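# Summary of structural features
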2 protein chains.
Amino acid sequence: MTVKYELIKEDKKTGARLGRLHTPHGVIDTPAFMPVGTQASVKAMTPHELIEIGAQIILSNTYHMYIRPGHKLVEKAGGLHGFMNWNRPILTDSGGFQVFSLNDLRKISEEGVVFRSHLDGSKHLFTPEYVMEIENSLGADIIMAFDECAPYPCEYDYAKESMERTARWLKRCKEAHGNTVRQSLFGIVQGSVYKDLRLESAKRTTEADLPGYAIGGLSVGEPKELMNEVLDYTLSELPKDRPRYLMGVGSPDCLIDGSIRGIDMFDCVLPTRIARNGTVMTSKGKLVVRNAEYSEDFSPLDEECDCYACRNFSRAYIRHLIKAGEILGGRLTTIHNLRFLQNLMSKIREAIETDSLTEYRNSFFEKYYHY
Amino acid sequence: MTVKYELIKEDKKTGARLGRLHTPHGVIDTPAFMPVGTQASVKAMTPHELIEIGAQIILSNTYHMYIRPGHKLVEKAGGLHGFMNWNRPILTDSGGFQVFSLNDLRKISEEGVVFRSHLDGSKHLFTPEYVMEIENSLGADIIMAFDECAPYPCEYDYAKESMERTARWLKRCKEAHGNTVRQSLFGIVQGSVYKDLRLESAKRTTEADLPGYAIGGLSVGEPKELMNEVLDYTLSELPKDRPRYLMGVGSPDCLIDGSIRGIDMFDCVLPTRIARNGTVMTSKGKLVVRNAEYSEDFSPLDEECDCYACRNFSRAYIRHLIKAGEILGGRLTTIHNLRFLQNLMSKIREAIETDSLTEYRNSFFEKYYHY
C-alpha cells in the first residue's frame, strides 16, 4: 500500500480536510482537482503545460486505453507514464462508467460486462480480474476497482442489486490486483441516492481495507442538494486516515461544496470540454468568449488570472481563434480553465488552513453566480 | 524604406546568398523560411513555440484577416503584432492569390477584383488602393502588392495581359501605400513560364524601386525543372541589394534549389498542413507517422532532430494521438515540421558560409529522397 494520506488539518466546523497524498510519483496537495486525459492526453495540453498550470495528478481512462491503442502497447512503452511522458502521479478509472454508458451495447452478468467497442463494434468482456490486468499494464499510481455506476433516477431494487454486485466485484479486484507495491487500489462506494444502500456500501467497501475510497454514482443528473445530502451521510462512514475521491465532479460550486464536506480528490472533463466550445470560468462567473459581445474586448479572459492565456492574449483574439476554428483557441481556453480550477483548489486549501472556508465559499459564490 | 537587406556573402559558383534582412521588428537571417499564420495564428502554435522552433518572421493572409475578424478590428488591437502577440517581423500577402483562387466567385477588371466571401457569400471589391489600406491596418513589416497569380498552364496571351495588369496595379499600390516608414512594399514578378514575360515583368517591377521583390506564380503545378528554369532567368534580372522572395514554396528540395539560385525568403503552408494529417519531414525523408508500421516504434520522429516533440515523445505515442484525433498529435507534428525546416535553412546558411551548398544539396537529397 504505497499511496499514503497525510491529514494536515481538519476543520471541525465543516469537515473539510487539508492533506497530502504521497504516491510513487510524487505528492499531491489535497483537496485536489485532477484534469482528465481520456486517451492518454489531457486534450490540447502537453505534459509540460500541465505542470505549468499546476496539475499534480491526472486521470486516464482504462476503457479508452484498452480499446485504443491497447494496454499491452502502453505497457511496452513503460506504462502510461512512459507512453505520454508524464512523470507525476496518474489515476486510472476502471472503465466501469464507460462500458455502462454504452447502454444497448453491453450486457451485465455476475461474471462481468460484455460490451461492444464504440469504434468498431467488436465484442469484449470486462471482468474485475481482467480490468485489474489492464490497469496493472497501464501502471497508474492509483487504480480504481471495477464497479457499476447506477444511472439516475434508479429504482431501489436495482440500486441495491447493483451496489451488492459492486461489493462482490471489489473483492475479486483486490484478489486479482497484481502490483500492490507500485499501484494502490481504491474501492468505490455506490448505492444511488438511498441512504441505507450508501451506508451499506460504505461499510462493505471500507471492510476491504484499501488505501483510498471513492464515491461514485453522483453528479449523474440528481439535484445538487441531493448530492450534498448523500455526501454528508456517506463521508461520515469513511475512515479519516484515507483519501476520499468524488468521481466526475468539476464545477466550481461542487468543488467547494465537496471540499467543505471532506472530499480530497475530484476529476471531471467539464473544464476542458467547455473550453473547446469557447466557454471559460472566471472569477466573475462563466464567460462564453465566442459571443459577439467580446469581439472588440481587448481585456484578458479573467483579470485575476495568472495563466499563459490571460498573460498574453485578449478576449477578442481568443474569440477570433475559436470562431475561425483555430486549434490555438481551444488550447488557450483549456489552459485557462485548468489553471482556474487549480487556483480555486489552492484557495480552498488556503481557506482550510486559515479556518475561513465557509467565508471563502460565500464570497466566491457571490462573485461567480450573482455577478 | 525601413526593410534593409544586408548581403553578407554571395556564392559566385551558384548564386546563393547569405544575408540579413533588417526590419522594424528585428533581423531575419536569410535564406529564411516563413511559417504561415493564415488567420493570425500559425495553426496549432503559440507565438512562444514559434520562437522556440526558431521562426524569425511569419506570414499572415490579408484576404482571411479582411473577411474575419476584419482589418479595422485588427488595427484597433494594435495591428497583427498586438492582436496575436507576436513581436517579431510579419509579412502579409495581398489577398491576390486567395481571391483568384475563388474561381467562379470572382470577376477581374482593370479597377480590381469583385469576389464573394467563402464564408457567407457576401460581395467585396479588392482594388490595389483598398488592399494597401487593409495591409496598412494589419501593420506588417513587409506588405505585398496586389497582383494576379496566373494559373498553370496559362495561355501566352492571358499571361501577358495579366502580367501587364499586375505591373499597372503595382504603380497604384505604391501610390496608395500610406505607411512607408513602418511598412515596406514588395512587388511581385509574374509572367507564368514565358521567359520574355518574366523578363519584362522583372524590369517593370524593379523600376518601381522597392525594398524587396517576390517571384509569384510558381509552384502552381508546373514541373520542378521548369520552375528552376524560370527562377534562373528571372533572378538574373533582380537587383542584388534587395531581398528576393519565392512565394508559396516550402518542400525541402525546393528550399535548397531556390536558395542555390539566390532566393532569400520562402513561405508555404505545406509543413503545417501535412503535419496535421500525420506526415512529418525527417532527415531520412517523409514519414507518415499515422501508418500502422509505427504503432510500436518507440523512437522519436527523427533521431537527428532537437525539437520538443523529438525530445519528449515517441512515434508510437504521436501515432496514437493522431489516430485518436487528439489535438496534441497535430501540435507535435507541426512543431517538428517547422523546426525541421528552420534547421534545414540553418544548414543551408552554414553551407553558403563554408562554400559547400552544392555538396550539402547532394548529401541531403541522397538521404531524403533515396533512403
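In the block above lies the structure referred to throughout.
We now turn to the structure provided with this report.

Quick notes on the rules
Residues numbered from 1 in each chain as written. Chains lettered and ligands numbered in written order. Predicted model: local features only at pLDDT ≥ 70, side-chain atom pairs only at ≥ 80, totals over all residues. Heavy atoms only, no water. Helix = DSSP H or I, 4+ residues; strand = E, 2+ residues; numbered from the N terminus. Rg over C-alpha atoms; globule rule 2.2 N^0.38 Å. Buried < 20%, exposed > 50% of the residue type's maximum accessible area, 1.4 Å probe, protein only. Contact = heavy atoms within 4.5 Å. Areas by Shrake-Rupley, 256 points an atom, 1.4 Å probe, with all protein chains shown as cover. Lys, Arg positive; Asp, Glu negative; His and termini not counted. Charge placed at Lys NZ, Arg CZ, Asp CG, Glu CD. Salt bridge = Lys/Arg side-chain N within 4 Å of Asp/Glu carboxyl O. Least-squares fit on C-alpha atoms with pLDDT ≥ 70 in both. Core = buried A, V, L, I, M, F, W, Y, C linked by side-chain atoms within 4.5 Å. Buried area = accessible area lost by both parts, 1.4 Å probe. Expected span 1.5 Å × (residues − 1). Pairing = 2+ DSSP bridges. Axes fitted to C-alpha atoms, helices over the stretch in contact; angles between N-to-C directions. Phe/Tyr/Trp six-rings, centres within 6.5 Å; stacked < 30°, edge-to-face > 60°. Parallel < 35°, antiparallel > 145°, perpendicular 65-115°, else oblique. Left-handed = near helix turned anticlockwise from the far one by under 90°. Nonpolar A, V, L, I, M, F, W, Y, C, P; charged D, E, K, R; others polar.

## Examining the overall build of chain A
Looking only at helices and strands, chain A has 15 helices and 16 strands in total. In summary, chain A has a C-alpha radius of gyration of 20 Å against a globular reference of 21 Å for 371 residues, a match within 12%. Viewed in the frame of its principal axes, chain A has a C-alpha envelope of about 60 × 50 × 40 Å. Per-residue burial over chain A gives 62% buried out of 371 residues. Pairs at least 24 apart in sequence give 67% of the contacts found in chain A among residues at least 6 apart. In the form shown here, chain A has an accessible surface area of approximately 13,800 Å², with 48% of it arising from carbon and sulfur atoms. If you average the places of the 46 positive and of the 50 negative side-chain charges in chain A, the two averages end up 3 Å apart.

## A word on the pattern of salt bridges
Residues and elements named next belong to chain B. A full pass over the atoms with the stated rule returns 54 salt bridges over all chains. Between Glu 129 and Arg 172 there is a salt bridge, and its shortest N-O distance comes to 2.8 Å. In this pair, Glu 129 sits in helix α6 (residues 128–138) while Arg 172 sits in helix α7 (residues 156–176), placing the two residues 43 residues apart along the sequence. Classification of Arg 172 by relative accessible area gives partly exposed; the value is 23%. Where Glu 161 meets Arg 165, a salt bridge forms, and the shortest distance between an N and an O atom there is 3.5 Å. Here Glu 161 pairs with Arg 165, and both are found in helix α7, just four residues apart, close to one helical turn. The class of Glu 161 is partly exposed, set by a relative accessible area of 41%. We classify Arg 165 as buried; its relative accessible area is 7%.

## Here we look at the relation of the copies chain A and chain B
For these two chains of identical sequence, chain A goes onto chain B by a turn of 180° and a shift of 0.0 Å along the axis, with RMSD 0.0 Å. Both copies of the chain, as the preceding transformation shows, are related through a two-fold rotation axis. Taking the C-alpha atom as reference, chain A places Ile327(A) closest to the rotation axis, 3.8 Å from it. A high fraction, 100%, of the interface residues of chain A reappear at the interface in chain B, so the copies pair face to face through one surface.

## A few points about the nonpolar core
Among the nonpolar cores identified, the biggest contains 190 residues, and Val99(A) and Val99(B) are the most heavily contacted of them. Aside from chain neighbours lying at most four places away, what touches Val99(A) is Tyr63(A), Arg106(A), Val113(A), Phe115(A), Phe126(A) and Phe146(A).

## What about the interface of chain A and chain B?
Chain A puts 36 residues into the contact, and the matching count from chain B is 36 residues. Counting the surface lost from both chain A and chain B, the interface buries some 3,200 Å², and carbon and sulfur atoms represent 57% of this. Ranking the residues of chain A by area buried against chain B places His320(A), Glu326(A) and Ile327(A) at the top, with a combined share of 17%. Inspection of the chain A/chain B interface yields six salt bridges. A salt bridge links Glu326(B) to Lys43(A), with the nearest nitrogen and oxygen atoms 2.6 Å apart.

## Some points on helix α14 (residues 327–353) of chain B
Residue and element names in this part refer to chain B. Between its first and last C-alpha, α14 extends 39 Å over 27 residues, near the 39 Å set by a 1.5 Å rise per residue. The buried fraction of α14 is high, at 22 of 27 residues. Two residues or fewer past α14, Asp 355 is found with a positive phi of approximately 55°.

## Observations regarding the sheet that holds strand β12 (residues 212–215) of chain A
Residue and element names in this part refer to chain A. Overall, parallel pairing links the eight strands, which are arranged β4-β14-β13-β12-β11-β10-β6-β5 in an open sheet. Strands at the two margins of the open sheet, each flanked by one partner only, are β4 (32–34) and β5 (58–60). Here the strands of the sheet are splayed against their neighbours by 25° on average, with no regard to which way each runs. Relative to β12, strand β11 (residues 184–189) runs parallel, the two sharing four bridges. By the bridge assignment, Val 189 is partnered in β12 with Ile 215. Sheet strands touched by helix α8 (residues 195–206): β11 and β12. Its angle to β11, the strand with the most contacts, is close to 165°.

## So, the packing of aromatic side chains
Residues and elements named next belong to chain A. With the rule as written, the count across this model stands at 34 aromatic pairs over all chains. Centre to centre, the rings of Phe 115 and Phe 126 are 4.8 Å apart; their planes meet at 75°, and the pair counts as edge-to-face. Here the residue Phe 115 occupies a position in strand β8 (residues 113–116), and Phe 126 occupies one in strand β9 (residues 123–126), the gap between them amounting to 11 residues. Neither Phe 115 nor Phe 126 differs from the other in exposure class; each is buried. Judged by centre distance (5.1 Å) and plane angle (15°), the rings of Phe 364 and Tyr 368 are stacked. Taken together, the residues Phe 364 and Tyr 368, both in helix α15 (residues 357–370) and four residues apart, mark about one turn of the helix. Judged by relative accessible area, which is 8%, Phe 364 ranks as buried.

## Re the side chain of Thr92(A)
Tracing the backbone shows Thr92(A) in strand β6 (residues 90–92). Ignoring sequence-local partners within four residues, the contact set of Thr92(A) consists of Ser60(A), Thr62(A), Leu80(A), Glu135(A), Leu138(A), Ala140(A), Ile142(A), Ile143(A) and Met144(A).

## Quick notes on the packing of α6(B) against α7(B)
Residues and elements named next belong to chain B. Where α6 contacts α7, the two axes come as close as 8 Å, and the packing angle between them is 45°. Looking at the two axes, α6 sits oblique to α7. For the pair α6 and α7, the sense of crossing is right-handed. Along its contact with α6, which presents Pro 128, Glu 129, Met 132 and Asn 136, the element α7 presents Trp 169, Arg 172, Cys 173 and Ala 176. The residue makeup of the contact of α6 with α7, split by class, is five nonpolar, one polar and two charged.

## A short note on the side chain of Gln183(A)
In this structure, Gln183(A) sits in the loop between α7 (156–176) and β11. Gln183(A) has contacts with Thr2(A), Glu135(A), Asn136(A), Gly139(A), Ala140(A), Asp141(A), Ile143(A) and His177(A), leaving out every residue within four places of it along the chain.

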